[in-house]
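The residues making up each chain are set out below.
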Amino acid sequence: QVQLVESGGGLVQAGGSLRLSCAASGGIFRFNVMGWYRQAPGKQRELVATISRGGITNYADSVKGRFTISRDNAKNTVYLQMNSLEPEDTAVYYCNAITTLSAYWGQGTQVTVSS
């Protein structure tokens, strides 16, 4: 059974940094794309960043220049380094991983940025 577990969320002041991690367990996988999504109260879940198996990245315009996504294929882990955090970044952050046939989601980790 594939399981994605996020960690690293918490409370931080505006301008601060957090590093999120998401590790896959249940086997050795060849995820085509891994990424991060977030959902704030009253809003739909939105894409934050994705990274392909080969390292090609995509970012939401709102986080470009502030967030960096990376992955360690040997560890089946994806990371999100978040710098210069803003109150608007407050949300539950979800890990996502995609194979050719399946998509998987983590349970989410709360990120709260105070002003």
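Preceding this section is the structure that the text describes.
Our subject in this report is the structure included herewith.

Rules used in this analysis
Residues numbered from 1 in each chain as written. Predicted model: local features only at pLDDT ≥ 70, side-chain atom pairs only at ≥ 80, totals over all residues. Heavy atoms only, no water. Helix = DSSP H or I, 4+ residues; strand = E, 2+ residues; numbered from the N terminus. Buried < 20%, exposed > 50% of the residue type's maximum accessible area, 1.4 Å probe, protein only. Contact = heavy atoms within 4.5 Å. Polar contact = N/O pair within 3.5 Å; in protein donor to acceptor, adjacent residues only side chain to side chain. Pairing = 2+ DSSP bridges.

Comments concerning the environment of Y59
With respect to the helices, strands and loops of the structure, Y59 is situated in strand β6 (residues 57–59). Overall, Y59 belongs to the partly exposed group, its relative accessible area being 22%. If we skip the residues at most four places from it in the chain, Y59 touches V48, A49, K64, F67, T68 and I69. From its side chain, Y59 meets the backbone nitrogen of I69 in a polar contact 2.9 Å long.

Let's talk about the pairing of strand β8 (residues 77–82)
Among the 6 residues in β8, 5 count as buried, and that is most of the element. Here strand β3 (residues 18–25) pairs with β8 via 6 bridges, running antiparallel. Considered in β8, the bridge of L18 is made with M82. Taken together, the 6 bridges between strand β7 (residues 67–72) and β8 define a ladder with antiparallel strand orientation. In the sheet register, F67 faces β8, and the bridge partner there is M82. Taken together, β7 and the strand that follows it, β8, pair antiparallel across an intervening segment of 4 residues, in which N76 is found at a positive phi of about 50 degrees.

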